[in-house]
Structure formats: structure tokens, C-alpha cells
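Spelled out, the chains give:
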Amino acid sequence: IADGPARRQALEAGDIDGFDLVDPADTQALADNGFDVVQRPAFNVAYVGFNQAIPPMDNPKIRQAIAYAIDREKVATTNYPEGTVVATQFQPPEVCGHSDTVPTYDYDPAKAKQLIAESGVKNPTLEFWYPSEVSRPYMPDPAANFQLMSAELEAVGFKVVPKTAPWDPDYLDAVDAGKTMMYL
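Residues numbered from 1 in each chain as written. Predicted model: local features only at pLDDT ≥ 70, side-chain atom pairs only at ≥ 80, totals over all residues. Heavy atoms only, no water.

Visitor: An account of the packing of helix α3 (residues 60-69) against helix α5 (residues 109-119) is needed here, citing residue identities and associated values.
Guide: Packing of α3 against α5 leaves a shortest axis separation of 8 Å and a crossing angle of 165°. By the angle between their axes, α3 is roughly antiparallel relative to α5. The two elements α3 and α5 cross, and the hand of that crossing is left-handed. Between α3 and α5, the residues in contact are Lys61, Ile62, Gln64, Ala65, Tyr68 and Ala69 and Pro109, Lys111, Ala112, Leu115, Ile116, Glu118 and Ser119, respectively. Partitioned by chemical class, the residues of the contact of α3 with α5 number eight nonpolar, two polar and three charged. (Axes fitted to C-alpha atoms, helices over the stretch in contact; angles between N-to-C directions. Helix = DSSP H or I, 4+ residues; strand = E, 2+ residues; numbered from the N terminus. Parallel < 35°, antiparallel > 145°, perpendicular 65-115°, else oblique. Left-handed = near helix turned anticlockwise from the far one by under 90°. Contact = heavy atoms within 4.5 Å. Nonpolar A, V, L, I, M, F, W, Y, C, P; charged D, E, K, R; others polar.)

Visitor: Go over the packing of aromatic side chains, please, and point to the residues and values.
Guide: For the structure on display, the rule yields five aromatic pairs. Pairing Tyr47 with Phe90 gives two aromatic rings, centres 4.9 Å apart and planes at 75°, and the pair type is edge-to-face. Taken together, the residues span a long stretch of sequence, with Tyr47 in the loop between α2 (27-32) and β1 (49-50) and Phe90 in the loop between α4 (72-79) and α5 at a distance of 43 residues. Accessibility expressed as a relative area gives 39% for Tyr47, which makes it partly exposed. The exposure class assigned to Phe90 is exposed, which follows from its relative accessible area of 54%. (Phe/Tyr/Trp six-rings, centres within 6.5 Å; stacked < 30°, edge-to-face > 60°. Buried < 20%, exposed > 50% of the residue type's maximum accessible area, 1.4 Å probe, protein only.)

Visitor: Residues and numbers for the pattern of salt bridges, please.
Guide: Tallied over the full model, the rule gives three salt bridges. Its salt-bridge partner being Asp26, residue Arg8 comes within 3.1 Å of it at the nearest N-O pair. With Arg8 in helix α1 (residues 4-13) and Asp26 in the loop between α1 and α2, the pair connects residues that are 18 residues apart, well separated along the chain. Each of the salt bridges in this network shares a partner with another, and the network as a whole consists of Arg8, Glu12 and Asp26. (Salt bridge = Lys/Arg side-chain N within 4 Å of Asp/Glu carboxyl O.)

Visitor: Before we move on, can you summarise unusual backbone geometry with the specific residues and values?
Guide: For the bond running from Pro55 to Pro56, omega is 5°, close enough to zero to count as cis. Tracing the chain through its elements places Pro56 in the loop between β1 and α3. Of the consecutive residues Asp168 and Pro169, the connecting peptide bond is found in the cis state with omega at 15°. Summarising the element assignment, Pro169 is placed in helix α7 (residues 167-176). Here Asn123, not a glycine, exhibits a phi torsion of approximately 50°, which is positive. On the secondary structure map, Asn123 appears in the loop between α5 and β2 (125-132). A residue is classified by how much of its surface remains accessible, and Asn123, at 68% relative accessible area, is exposed. In the Ramachandran plot, Glu133 falls in the positive-phi region, its phi being about 55° despite a non-glycine side chain. Secondary-structure assignment places Glu133 in the loop between β2 and α6 (142-155). On the accessibility criterion, Glu133 (70% relative accessible area) is exposed.

This is the structure we're talking about:
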């Protein structure tokens, strides 16, 4: 059952005995209604991907400026359930390969503006892709993430061009084919 609310309704109606990938916002309500909710450490990470083959993503200063421009803590507290932590890398802590020593980029709009100026890219434009018709535990509301992040990017001097497509197959195909400059 692809839709999270439909999975919950099927469980509540007795049509199914259980399911994985419970929407984080539904866990307490299900527990309050007598369902067993098995909690485990999060095994997913939301991230912004870059295709470095598409300019200006080939410029490290532009990529760094993006990293400094996005207030990840604000995204986590605004668009995710309580208990969400800001990721520092692609691997969650429970996965072999996670490291506590990777470089991090704290929210610093002034540094983002400085890096854009140093990059030599005039009026940097970002095609920023986000999926529609999907809700994932690591991305419960892709449009809300896009809106928050794009506003922060525009505030430091990027022009953001929104690109959206249904999750499967259009969005996934575009990402897999390398057609997306920047994407959730």
C-alpha cells in the first residue's frame, strides 16, 4: 500500500495485520489506539543531492555556499516530527561507514554569500528538483522542504527554478539518468 494514510486505515480496519514505514506523525496515535508500535533507531537520511556534471554544481564554492545557506536545524524542527536529528552525512549512525569526523557546514548565510562571490559564477541559478505524489519517512512533505530550502537559497543570492515530478517513475528516472542538477 503506497500511501501512508491508506496503510494506517487498512490496519485500523483490520484489513492488514501490520506494516513497516509508519509515518512518524502516526506512531503515537496508533499506540494510543492499542496497536503495538515497534520503535527502532532511524535508518534513513534526508539529503540534498548535487549532480556535479551540471554547472554551476561543478564549482565547489557553489556547493559549499548551498551547504551554508540551508538551515538544516530549521528544516528538521519545522518539517519533521519531534526527535529528528540533523544528519552530518549520507550514512545514519547505525550503518557501518558512519564517521563522527566528517566536515560539517553550519548555517551561515554570510559565508554562503561570500562563497558565491568567490565562485566567479554570476547570478547562479539552481534547478531544484523535488518529488510529488510521495511521502517517505525521510521526506514526509517534499514540497514543504523545497519551499523552506529554496527561500533560504534565494536569500543568499541564488535564483531557484523549481522542478517537480511524480516520484515513480518520473522523478526517480530523472535522478537516475543524471538529469537533475539539485534534488531532494
